[in-house]
Amino acid sequence: MRTRATFALALAGLLGCGGGSAPAQEERSDTTGDERPEELSTLQQLNQRAREGAVTDTLHGVSVEDPYRALEEDSPLTREWIDAQTARTAERLSEWRDPAAAERLDALLSIGVIGAPVVAGRRIFYTKRDGDREQPALYLRENGALRDAPLVDPATYGERAALDTFNPYPGGRYVAFGISNDGDQRSTLRVLDVNEGELLEDVIDHTKWTAVTWLHSEDGFYYRRYPRGGEPDYDPEAEDTYHLRLFFHPLGGDPAEDPLVYAPAEGTNFPSASVSDDDRWLVINDFRGWSQSDVLLFDRGRARRGRRNVPDEDHPLVPVVTGQDHLYNGFAHRGRLYVLHNDGAPRYRVDAVEPARAAERAAWETVIPEGDGAIEGVQILRDRIAVHTIEDVASRVRVFRLNGRADGEIELPGRGELFGFDGDAETGQLALGFSSFVHPPSLLTWSARGRELEEVDRVQTDVDFDAITLSQAWVESADGTRVNVYYAHARDMARDGSQRVLLNAYGGFNVSLLPGFQRNALYWIERGGVYAVANLRGGGEFGEAWHQAGNLGNKEKVFEDMEAVVRWLGGESGISRPERIAITGGSNGGLLMGAMITRAPETFAATVSGVGLYDMVRYHHFPPAELWVTEYGSAEDETQLGWLLGYSPYHRVREGVDYPAILITTADHDTRVHWAHSTKFTAALQEAEGGADPDIFFYMVRQVGHGAGTRRSDTVERYVRLYTFVERYLGDGASR
């Protein structure tokens, strides 16, 4: 659904038809009695050829059919299949496309972007994109003013280059940043001297999904990267996929000589590091999936001179908490180790301990207890702690003293989302990125001394937000669980059951969907539509218990929640009805779309599903999907195979079902979810539908990845595809 642009091989006489009509049947003589089979369309022939590679696996004594295994392979047949399917979809979308609608989407998606800020001393670094620029660039704000020229403009690195990450030195003199191309997130890390405006010679590759932690001394930084050729666990067939490790890079040194600091025991772990403000303590947080993590502590040395950069016999890496089934995130400040965790506190709390006694759980003291809302983030501000919580599915920020005493609240501009939350432990400055459905993104600052919230930058637009209403409802799921749904619409919306609805959801990986600014939604609302977002189990809106209620063996609950929301929108709410509802989602949200297609196809008229997972029996065979076994389970386990087969969309496709109109999109540079999920699921649906020209479409985007780093123009095309398809099958905005 929201996916991420063009494959283009012209096909002569593709399907031999236009629009949605089936090809004309050849007349037969009434007297011949000849019952010759109908001629197959090009589409059917391709699917038939692909089905010749059908496989049946026996897993734990269970026969599992895989009729389109051939479409996993990058073969001539698969490339022909992808070309033909994409060309068919492109042709149809071109016929249905409304130039005025495309022009309006282009204008709305040109509304500026402000990215999450990072505070470094008295400087604030953040990304911005104005007008029709293709990518956000990195800017610097200091002394109350924004530097006119960007520090880093990804366009200087190539037409399709993107800025993946940036991490400034604590004083703001340097910034390390990563650049990748075509949306693949395979970053190369570089360092800029901000004061001089010059790039240093330090260039580090294999830094996809890296994180950089600078020493305050300017000596260098800790970072993570994947193995290079010749190093242990390097896999040329799956580069930059598994075995992330922490290294130390001395500024100006040769990256090839960077010493290894920490290598997790498992190749699927994600280690990260933080350094205390006096540079003495290095805290390593090693994440084992989305529900578990370990904390380790390294004493670099009391004296500043002669401090170690990597653990050794005299300065070992000390386990603080390991092997537990909870999330822990440690950071050090003013001689204490603070730990944000959900052990015994599913909505999280903050404990503190002396580093020398960190491994003694009895020595931990609660500083900020678990509250009514889930803690989303914590920032140290001199002698204060700012805490971002999610309450009633919206962001709030409260302030505490270091001893945990409450010290007020930072009043945000309204009900919305903090997309950025970062502070400086020495200066006490806090920077916030805030937006809502009716509040364009803005950059806000607050300090522990002045205690005044100030807006210092804001995206400009002439959209009339007074004409838009954001409503909220709670819907009862199958087991009685209450599920939140936000929906934005025109103030004068009639509840006559005729409104066109577009529903988006995700439901997984502890991800929270808050009511933030949605440029594309403005188009839909202007056209009289209702844009809805459902907060399903599996997300992080209500803490870890909510997350675990929708993962592993509980994944079916996510789909029950989604079905309940769709049925409410099409019934009890009085807003719409099934033939006027479309649903959309991407990645894990694409899995959600696949599940809805195969479990409740009668509840909606169309779906656009992007970069999704659909074969949940074999998903872990496509790197880096082993990272997600802690979220979904694996067919390698007999019990977990039962869970997965129970909802795997590819395996639940059935003949004789009246499926809604479906657009499945994928991307050729997606380094997260393999395109084979989309090819196989599309073929299975088309075969089940049985016709020569079914309302089931596939589209592969070229030179685009999973979503991050997508150019503005590619984003415009993505939403033109989505809304062209949705409006085709839901009809116009008038009641009918």
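Computed from a predicted model, the values in this text were never measured in an experiment. (Residues numbered from 1 in each chain as written. Predicted model: local features only at pLDDT ≥ 70, side-chain atom pairs only at ≥ 80, totals over all residues. Heavy atoms only, no water.)

What the chain contains, in helices and strands, is 11 helices and 39 strands. Counting only C-alpha atoms, the chain reaches 100 × 60 × 50 Å along its principal axes. With the model as given, the accessible surface of the chain reaches about 28700 Å², and the carbon-plus-sulfur share is 44%. (Helix = DSSP H or I, 4+ residues; strand = E, 2+ residues; numbered from the N terminus. Areas by Shrake-Rupley, 256 points an atom, 1.4 Å probe, with all protein chains shown as cover.)

Applying the stated rule across the entire model yields 28 aromatic pairs. Measuring from centroid to centroid gives 5.7 Å for tryptophan 96 and tyrosine 729, while their planes differ by 90°, and the two rings are edge-to-face. Within this pair, whereas tryptophan 96 is found in helix α2 (residues 76–96), its partner tyrosine 729 is found in helix α11 (residues 712–730), the two being separated by 633 residues in sequence. Comparing tryptophan 96 with tyrosine 729 shows no difference in burial state: the two are buried. Ring geometry for phenylalanine 331 and tyrosine 338: centres 5.7 Å apart, planes at 10°, overall stacked. On the accessibility criterion, phenylalanine 331 (16% relative accessible area) is buried. A residue is classified by how much of its surface remains accessible, and tyrosine 338, at 2% relative accessible area, is buried. Members of the aromatic cluster, connected to one another through ring pairs, are Tyr169, Tyr174, Trp214, Phe221, Tyr223 and Phe247. Seen from the ring of tyrosine 68, arginine 51 lies directly overhead, with NZ or CZ sitting 6.0 Å from the centre. Directly above the aromatic system of tryptophan 209 lies the positively charged group of lysine 208, at a separation of 4.1 Å from the ring centroid. (Phe/Tyr/Trp six-rings, centres within 6.5 Å; stacked < 30°, edge-to-face > 60°. Buried < 20%, exposed > 50% of the residue type's maximum accessible area, 1.4 Å probe, protein only. Lys NZ or Arg CZ within 6 Å of the ring centre and 35° of its normal.)

This part is about the confidence of the model for the chain. Parts of the prediction with low pLDDT should not have their coordinates interpreted in detail. When the pLDDT values of the chain are averaged, the result is 93; 94% of them are 70 or greater. Every residue in residues 1–36 is under pLDDT 50, and counting partners more than four places away or in other chains gives 88 contacts. (pLDDT = per-residue confidence, 0-100. Contact = heavy atoms within 4.5 Å.)

Moving on: the environment of valine 459. Mapped onto the fold, valine 459 is located in the loop between β31 (454–458) and β32 (468–476). C-alpha separation for the pair valine 459 and valine 113, spaced 346 residues apart in sequence, amounts to 6.7 Å. Ignoring anything within four residues of it in the chain, the contact list for valine 459 reads Ile111, Gly112, Val113, Ile114, Pro440 and Pro441.

Each strand in a sheet pairs with its neighbour through backbone hydrogen bonds, running either in the same direction (parallel) or in the opposite one (antiparallel). Reading across from one edge, β12-β13-β14-β15 is the order of the 4 strands in this open sheet, with antiparallel pairing throughout. Every interior strand has two partners, whereas the edge strands, β12 (212–214) and β15 (260–262), have only one. Taken over all neighbouring pairs, the strand axes of this sheet differ in orientation by 30° on average, direction set aside. Bridge count between strand β14 (residues 245–250) and β15: 2 bridges; the pairing is antiparallel. Across the sheet, residue leucine 246 finds its bridge partner in β15, namely tyrosine 262. (Pairing = 2+ DSSP bridges. Axes fitted to C-alpha atoms, helices over the stretch in contact; angles between N-to-C directions.)

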